[in-house]
Structures are given as structure tokens and as C-alpha cells.
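Here's the letter readout for the chains.
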Amino acid sequence: MSRPGPRAARFITLEGIEGAGKSTVARIVGEWLTQHSIPVRLTREPGGTPLAERVRQIVLERGSEHLSPVTETLLMFAARGIHLENLIRPALERGEWVVCDRFTDATRAYQGSGRGVDAKWIEDLATAVHGSLQPDCTLLLDVPVAVGLARARGRSGSSADRFEAEVEAFFERVRAGYLEQAAREPRRIRVIDAAADLAEVEGQVIQILQGFV
Ligand code: Z5A
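Below you will find a few notes about this structure. Values in this document were obtained by computation on a predicted structure and should not be read as measured data.

**Quick look at the pattern of salt bridges**
- Following the criterion strictly, the structure yields 13 salt bridges and no others.
- Glutamate 53 is paired through a salt bridge with arginine 44; the nearest N and O atoms lie 2.7 Å apart.
- Classification of arginine 44 as partly exposed rests on a relative accessible area of 34%.
- With a closest N to O distance of 2.8 Å, aspartate 142 and arginine 175 form a salt bridge. Of this pair, aspartate 142 sits in strand β4 (residues 137-142) while arginine 175 is found in helix α7 (residues 168-184), placing the two residues 33 residues apart along the sequence.
- Three or more residues are tied together by salt bridges with common partners; here these are Asp105, Arg108, Glu123, Glu185 and Arg188.

In C-alpha cells:
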């Protein structure tokens, strides 16, 4: 898609279940683009700006108040609206590549496939919040649930958030949802075997990036 700007900025998103390696791959993509003198902005969802990070806290914390799947979906899009307006669109307009750890495909997979939120309603919200803006390329890091959870739970650190506390069956639905999206949009969503060792994952990612520069 064409956008105004001094150079061909690209919007790249990373998706996958917990522990798939998105943050690791985001760093690899950022370093590779920098080595090729391409200005890049790494960011994440939910969050990415100070205000959107506050929404992230609300949606991830395991507080005493219940959040319904519909409310959770609205919060994801609220954070996304703030992020788009204050970071993503301005960066693309300046000609920077934006590499975003999760975007609307995560809402489709987690809230849609995982929690059963109506898919048509999610698409209506997506249209309201980002109109025709779509990632130019989405790297779907696909791992079996047991592998992703073992990696994520192998990390030291804070206690489980609202998603990390979910059962395996939830992540199986999310993974299946992502793979269905990839089957529907194979040109945009590129599936990477993220259970492979990191050097191999890096090779797959760089091969895809080379098609964009
Ligand atoms: N969420 C949602 O429900 N709806 C939405 O619309 C959005 C989000 C936008 C927070 O996301 C939660 O928000 C998320 C979905 C929900 N919850 N879940 N699940 P997040 O992206 O911030 O959190 P996360 O998915 O839990 O990220 P993560 O656990 O940090 O995973 P990751 O970034 O994919 O993995 P990583 O940190 O790069 O790697 C994990 C470990 O594995 C680490 O020690 C690496 O060194 C290691 N690793 C990575 N790759 C490899 C390979 N290839 N081999 C071996 N080891 C590896």
C-alpha cells in the first residue's frame, strides 16, 4: 500500500503465542534494518506509548475486578488507537519502518479465537480504529503450545499476568486462530517455524525481509 513519506516506510508486525520468540525476533529485525541504514522504530502492543502502556497495565494485571472478553477487546483497541495516533502513523509518515510486537491479528487470535468474541465485531472495531491501515508484512512465529509455554515459564521474573495464567487449551485455540488467519492471508502473514533453533529462525526472517528492501 502506498503512504505519503520521504521513503518507502514499512509496517511489520510480529505475532505468535506466548514464548514464541517475538521479542527476540523484533531485536533481530531492528538490528538487521539498522545495519542496512533503514530507520526503524521498535514498539509493542498493547502499549508502545506512555498512555497506551497504562492501558496495558490495566489489561494485564490480575486484579480483583473481572474483565469480560468484550471489555478486554475494547481495551486492546483503546490502547491501539492511542498507539496509532501518537507513534505508528507519525513514524510511518516520517519514513521510518515500524516493527510492532503484536497488532490486530493478536485481537483476532486471543479475543476472537481464544475468548470467543464475535469476529465481525472485531473487524468493525479494526475499521473504526485503523481504517485501511494494515501491516505490510506479519511474521507469525509458530510454535507448539508446549514449547512456547516452556520457554515463557522458563524465564525468571514476575508472577503470571492475566494471559500467562491461562490454560493450555486457550493457547491451542489462539494458535489455531493464528494459523487460520495465515491460511486466509498467505501473502501478508508469513509463517515461521519458531520451534527451530534461533539461527534458523533468524535465517527465515532475514530471507523474508530481503523481499522488502
Ligand atoms: N494480547 C491480546 O490478548 N490481544 C491483543 O490484541 C494484544 C495482546 C495486542 C501481552 O503480550 C499479552 O497481551 C499477550 C497477548 C495479549 N499474552 N500472552 N500470552 P506480550 O507480547 O507482551 O507477551 P507475551 O506473548 O507473553 O510475550 P513473551 O512471553 O515475552 O513472548 P515472546 O516475545 O514471543 O518470546 P521471547 O521473550 O522472545 O522469548 C521467550 C524465551 O524463549 C526467551 O528466553 C528467548 O531467549 C527464548 N527463545 C526465543 N526464541 C527461541 C528459539 N528459536 N529457540 C530457543 N529459545 C528461544
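**A look at empty space enclosed by the protein**
- Following the criterion strictly, the structure yields 1 cavity of 30 Å³ or more and no others.
- Roughly 30 Å³ of volume is contained in the largest cavity.
- Lining the largest cavity, in full, are Gly16, Ile17, Leu140, Leu141, Asp142, Val143, Arg175, Tyr178 and Leu179.
- Looking at the lining of the largest cavity, the elements with two or more residues in it are β4 and α7.
- Looking at the lining of the largest cavity, its residues break down into 6 nonpolar, 1 polar and 2 charged.

**Some words on the packing of aromatic side chains**
- Per the stated rule, a full pass over the model turns up 5 aromatic pairs.
- Judged by centre distance (6.4 Å) and plane angle (80 degrees), the rings of tyrosine 110 and tyrosine 178 are edge-to-face. Here tyrosine 178 lies in helix α7 and tyrosine 110 lies in helix α4 (residues 104-114), a separation of 68 residues in the sequence. With respect to class, tyrosine 110 is no different from tyrosine 178; both count as buried.
- Through pairs of rings, three or more aromatic residues link up here, namely Tyr110, Phe163, Phe170, Phe171 and Tyr178.

**Some remarks on the site of the ligand**
- The local shell around the ligand holds 29 residues, among which Lys22, Ser23, Thr24, Arg102 and Thr107 are the closest.
- Contacts to the ligand include arginine 102, whose side-chain N or O atom sits 2.4 Å from an oxygen atom.
- With respect to the ligand, the side chain of arginine 151 contributes an N or O atom lying 3.3 Å from a nitrogen atom.
- Summarising the interface, the protein chains cover 83% of the accessible area of the ligand, which totals 1,000 Å² for the free molecule.
- The site holding the ligand turns out to be the largest pocket.

Analysis parameters
- Residues numbered from 1 in each chain as written.
- Predicted model: local features only at pLDDT ≥ 70, side-chain atom pairs only at ≥ 80, totals over all residues.
- Heavy atoms only, no water.
- Salt bridge = Lys/Arg side-chain N within 4 Å of Asp/Glu carboxyl O.
- Buried < 20%, exposed > 50% of the residue type's maximum accessible area, 1.4 Å probe, protein only.
- Helix = DSSP H or I, 4+ residues; strand = E, 2+ residues; numbered from the N terminus.
- 1 Å grid on protein atoms, 1.4 Å probe; cavity = no way out; pocket = protein on both sides within 12 Å on 5 of 7 lines; lining within 4 Å.
- Points joined across faces, edges and corners; volume = space filled by probe spheres on them.
- Nonpolar A, V, L, I, M, F, W, Y, C, P; charged D, E, K, R; others polar.
- Phe/Tyr/Trp six-rings, centres within 6.5 Å; stacked < 30°, edge-to-face > 60°.
- Near = heavy atom within 4 Å.
- Polar contact = N/O pair within 3.5 Å; in protein donor to acceptor, adjacent residues only side chain to side chain.
- Areas by Shrake-Rupley, 256 points an atom, 1.4 Å probe, with all protein chains shown as cover.
- Sits in = over half its atoms within 2 Å of the grid points.

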